[in-house]
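Examination of the molecular architecture
Listed below are the residues making up each chain.
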4 protein chains.
Amino acid sequence: MGGKRTVETTFPVRYAETDQMQVVHHSNYVVWMEEGRSEFMRASGADYAQVERGGHYFTATGIQVRYVASARYGERVTVRTWVEELRSRQLTFGYEIVNASTGAVLVTATSEHLCIDRQGRVARIPDQWRKLLSTDH
Amino acid sequence: MGGKRTVETTFPVRYAETDQMQVVHHSNYVVWMEEGRSEFMRASGADYAQVERGGHYFTATGIQVRYVASARYGERVTVRTWVEELRSRQLTFGYEIVNASTGAVLVTATSEHLCIDRQGRVARIPDQWRKLLSTDH
Amino acid sequence: MGGKRTVETTFPVRYAETDQMQVVHHSNYVVWMEEGRSEFMRASGADYAQVERGGHYFTATGIQVRYVASARYGERVTVRTWVEELRSRQLTFGYEIVNASTGAVLVTATSEHLCIDRQGRVARIPDQWRKLLSTDH
Amino acid sequence: MGGKRTVETTFPVRYAETDQMQVVHHSNYVVWMEEGRSEFMRASGADYAQVERGGHYFTATGIQVRYVASARYGERVTVRTWVEELRSRQLTFGYEIVNASTGAVLVTATSEHLCIDRQGRVARIPDQWRKLLSTDH
């Protein structure tokens, strides 16, 4: 995470997110990463709902998730999100998901996204969003 | 179900669909009902993907689900779907979800749907789909 | 809702909860109802995680959902939850899900639950939880 | 995939799996990978439901997913699954998810799993499952 601007969001584990191993099913962390991304953008003034209304999409091209420990129903989790790398047409987000009360790391992850337009063509990330997502401030 | 045309689809329970009670989480039956509906329409020649491409949507306005017994990972389930009632702008589907090997009933349910157009306005169900969905054949 | 004690919880719509109709998929309201129930119990001092650790489960036996309007990504929703009826072995929850900023009603719903023990047998709701869930205070 | 034994499973995209980009939400491929894994094990005589009943779990420790193209409602997808590497306490699965009618590749992925027992301790993969999962036959 280094000196990168990091945004946090905290919420309770939902019962529906558990599986028969008595812990959160591993696919749900991918949804939580997206929720971290949404919060990062809202906090940066680059609300993703507005990005889409403007005709651009940050489609996921890759995810890498490292599962370190399990979240359980009855706990709250904190998702920490930052921009790992910002290029003209792509961006990479970094994540750390922790138990909100103990701080224990549950997951570390990254995801890559490509900017596309309504026709699905690769596009430059519009300047207004680039500035807001920039890691240099 | 009476004399109504009924369509079946069978598939294995997914691990992700279980919860910490060691059974399928109750929200997943709502997804399975939709899958039963999709299969009913495909089998009737009224593929819902085509309905939407034609500019109509059958938006859900209500569901009623009765949970009788639990499905578990390692089992296969069969969803039986039929049209309970077909009106000019609305339709009601009926469902029975059973354990595919024992036949034990797991869930009985109904769902109501309203036909709307791309602008979200209530619309008549187009004649081509009405005929295919009709219970009288 | 009348004079019943009602608990609210508010959260943002997750992108993963939308479907290709551009609104929240109807199955997710069932998960939100459960989240409302979890919050109701936490607020009442009857944390459901503790109920389960004590060896009891409130298994869902039925749900009825009325869809009035749609939630969209970019919005926040509020789930209002109350105990509609409390009996020795069963309880019914009532719900109203609204758009958190406009107050517009999106969904009204009820769900029935049966108290069972670890062996899956019907059981009386333990007194300590009955008192906390009681509608008379 | 080379000479490795590969198991396929094919199923229709569920409407609930789409998002407002009109394609399957990227988190669902993680669930499909698990379904591929379940099918691989059933086809190998190593049904995962039996592995768990025997007291062992293959907990996910990492996933890497590369998104190449999108699946849509109305399509069927095929998940191809193989064992990429089998060690005494760990195994890695490889996946290719394709459009079932065109064969176009949608996703390539791997996932790592650690064998643990009921107490959550790292354990050797029992010999009976090792033989069935072995890539050398």
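Residues numbered from 1 in each chain as written. Chains lettered and ligands numbered in written order. Predicted model: local features only at pLDDT ≥ 70, side-chain atom pairs only at ≥ 80, totals over all residues. Heavy atoms only, no water.

**Digging into the overall build of chain A**
- Tallying secondary structure elements over chain A gives three helices and five strands in all.
- Helices (α) and strands (β) of chain A occur, in sequence order from the N terminus, as β-α-α-β-β-β-β-α.
- Here the C-alpha atoms of chain A give a radius of gyration of 15 Å, agreeing with the 14 Å that 2.2 N^0.38 yields for 137 residues.
- The buried share of chain A, taken over its 137 residues, is 58%.
- A fraction of 66% describes how many contacts in chain A between residues 6 or more apart in sequence connect residues 24 or more apart.
- Surface summary for chain A: the accessible area is close to 5600 Å², and the carbon and sulfur share equals 43%. (Helix = DSSP H or I, 4+ residues; strand = E, 2+ residues; numbered from the N terminus. Rg over C-alpha atoms; globule rule 2.2 N^0.38 Å. Buried < 20%, exposed > 50% of the residue type's maximum accessible area, 1.4 Å probe, protein only. Contact = heavy atoms within 4.5 Å. Areas by Shrake-Rupley, 256 points an atom, 1.4 Å probe, with all protein chains shown as cover.)

**Describing unusual backbone geometry**
Residues and elements named next belong to chain A.
- Within the chain, Gln-22 stands out as a residue other than glycine whose phi angle is a positive 75°.
- Tracing the backbone through its elements, the reader meets Gln-22 in the loop between β1 (7–12) and α1 (28–43).
- The class for Gln-22 is partly exposed, based on a relative accessible area of 33%.

**Focus: the interface of chain A and chain D**
- Of the residues lining the interface, 22 residues belong to chain A; the matching set on chain D comes to 22 residues.
- For the chain A and chain D pair, buried surface summed over both sides reaches about 1900 Å², with 55% attributable to carbon and sulfur atoms.
- The largest per-residue losses of area from chain A upon contact with chain D belong to Met-21, His-26 and Ile-63 of chain A, which jointly make up 27% of the total buried on that side.
- Remark: the boundary between chain A and chain D carries two salt bridges.
- The shortest N-O distance in the salt bridge between Arg-66 of chain D and Glu-112 of chain A comes to 3.2 Å.
- Linking chain A with chain D are 10 residue pairs in polar contact (both at pLDDT 80 or more).
- If you list the elements that add at least two residues to the side of chain A that touches chain D, you get α1, β2 (56–67) and β5 (105–117) of chain A.
- Counting residues per element, the side of chain A that touches chain D draws most heavily on β2 of chain A, at 10 residues. (Buried area = accessible area lost by both parts, 1.4 Å probe. Salt bridge = Lys/Arg side-chain N within 4 Å of Asp/Glu carboxyl O. Polar contact = N/O pair within 3.5 Å; in protein donor to acceptor, adjacent residues only side chain to side chain.)

**Side note on the relation of the copies chain A and chain D**
- For the pair chain A and chain D, the relating rotation is 180°, the translation along its axis is 0.0 Å, and the fit reaches an RMSD of 0.0 Å. Here the symmetry operator amounts to a two-fold rotation axis. Relative to the rotation axis, the closest C-alpha in chain A is found at Gln-64 of chain A, a distance of 2.2 Å.
- Of the interface residues in chain A, 100% have counterparts in chain D that sit at the interface too, so the contact is made through matching surfaces. (Least-squares fit on C-alpha atoms with pLDDT ≥ 70 in both.)

**Structural notes on the interface of chain B and chain C**
- At the junction of the two partners, chain B supplies 22 residues and chain C supplies 22 residues.
- Here chain B and chain C share an interface that buries about 1900 Å² over both sides, 55% of which is from carbon and sulfur atoms.
- Looking only at chain B, the three residues that lose the most surface to chain C are Met-21, His-26 and Ile-63 of chain B, adding up to 27% of its buried area.
- Where chain B packs against chain C, one counts two salt bridges.
- Where chain B touches chain C, the interface holds 10 residue pairs in polar contact (both at pLDDT 80 or more).
- Listed by contribution, the elements that provide at least two residues to the side of chain B that touches chain C are α1 (28–43), β2 (56–67) and β5 (105–117) of chain B.
- Tallied by class, the residues present in the side of chain B that touches chain C amount to nine nonpolar, eight polar and five charged. (Nonpolar A, V, L, I, M, F, W, Y, C, P; charged D, E, K, R; others polar.)

**Some words on the relation of the copies chain B and chain C**
- Laying chain B over chain C is done by rotating through 180° and shifting 0.0 Å along the axis; what remains is an RMSD of 0.0 Å.
- Both copies present the same face, since 100% of the interface residues in chain B are matched by interface residues at the equivalent positions in chain C.

**Structural notes on the side chain of Thr-78 of chain C**
Residues and elements named next belong to chain C.
- Take Thr-78: it is sitting in strand β3 (residues 76–86).
- Take Thr-78: its relative accessible area is 5%, and that puts it in the buried class.
- Within polar-contact distance, the side chain of Thr-78 engages the side chain of Thr-10 at 2.7 Å.
- Non-local contacts of Thr-78, meaning those with residues more than four positions away in its chain, are made with Glu-8, Thr-9, Thr-10, Glu-96, Ile-97, Val-98 and Ala-100.

**With respect to the confidence of the model for chain A**
- Across chain A, the average pLDDT comes to 95, with 97% of residues at or above 70.
- Per the prediction output, this complex has pTM 0.97; the corresponding ipTM is 0.95. (pLDDT = per-residue confidence, 0-100.)

**Notes on empty space enclosed by the protein**
- This structure, assessed with the given rule, holds two cavities of 30 Å³ or more.
- Space inside the largest cavity adds up to approximately 740 Å³.
- Taken together, 29 residues form the lining of the largest cavity, with Asn-28 of chain A, Asn-28 of chain B, Asn-28 and Val-31 of chain C together with Asn-28 of chain D sitting closest to its centre.
- Taken together, the elements giving at least two residues each to the lining of the largest cavity come down to α1 of chain A, α1 of chain B, α1 (28–43) of chain C together with α1 (28–43) of chain D.
- Taken as a whole, the second largest cavity spans an internal volume of roughly 40 Å³. (1 Å grid on protein atoms, 1.4 Å probe; cavity = no way out; pocket = protein on both sides within 12 Å on 5 of 7 lines; lining within 4 Å. Points joined across faces, edges and corners; volume = space filled by probe spheres on them.)

**Quick look at the sheet that holds strand β5 (residues 105–117) of chain C**
- With antiparallel pairing, the 10 strands of this open sheet are ordered in space as β1(B)-β3(B)-β4(B)-β5(B)-β2(B)-β2(C)-β5(C)-β4(C)-β3(C)-β1(C). A single partner strand is all that each edge strand has here, and the edge strands are β1 (7–12) of chain B together with β1 (7–12) of chain C. Neighbour to neighbour, the strand axes of the sheet diverge by 25° on average, direction disregarded.
- Pairing analysis gives nine bridges linking β3 of chain C to strand β4 (residues 90–99) of chain C, with the strands arranged antiparallel. Bridged to Thr-81 of chain C within β4 of chain C is Tyr-95 of chain C.
- This element, α1 of chain B, spans β1, β2, β3 (76–86), β4 (90–99) and β5 of chain B together with β2 (56–67) of chain C of the sheet and lies at about 130° to β1 of chain B. (Pairing = 2+ DSSP bridges. Axes fitted to C-alpha atoms, helices over the stretch in contact; angles between N-to-C directions.)

**Regarding α1 of chain B**
Residues and elements named next belong to chain B.
- Over its 16 residues, α1 extends 22 Å from the first C-alpha to the last, a length consistent with the 22 Å expected when each residue adds 1.5 Å.
- Most of α1 is tucked away: 13 of the 16 residues are buried.
- Looking one or two residues past α1, Gly-45 carries a phi angle of roughly 80°, positive in sign. (Expected span 1.5 Å × (residues − 1).)

**Description of the packing of aromatic side chains**
- This structure, assessed with the given rule, holds 36 aromatic pairs over all chains.
- For the pair Phe-40 of chain B and Phe-93 of chain B, a centre-to-centre distance of 5.9 Å together with 80° between the ring planes defines the contact as edge-to-face. Residue Phe-40 of chain B is located in helix α1, and its partner Phe-93 of chain B is located in strand β4; the two are separated by 53 residues in the primary sequence. Assigned by exposure class, Phe-40 of chain B and Phe-93 of chain B land together as buried.
- Taken together through their ring pairs, the aromatic side chains of Phe-11, Tyr-29, Trp-32 and Tyr-67 of chain A make up a single cluster.
- Here the guanidinium or amino end of Arg-14 of chain B rests over the ring plane of Phe-11 of chain D, the centre of that ring lying 5.0 Å away. (Phe/Tyr/Trp six-rings, centres within 6.5 Å; stacked < 30°, edge-to-face > 60°. Lys NZ or Arg CZ within 6 Å of the ring centre and 35° of its normal.)

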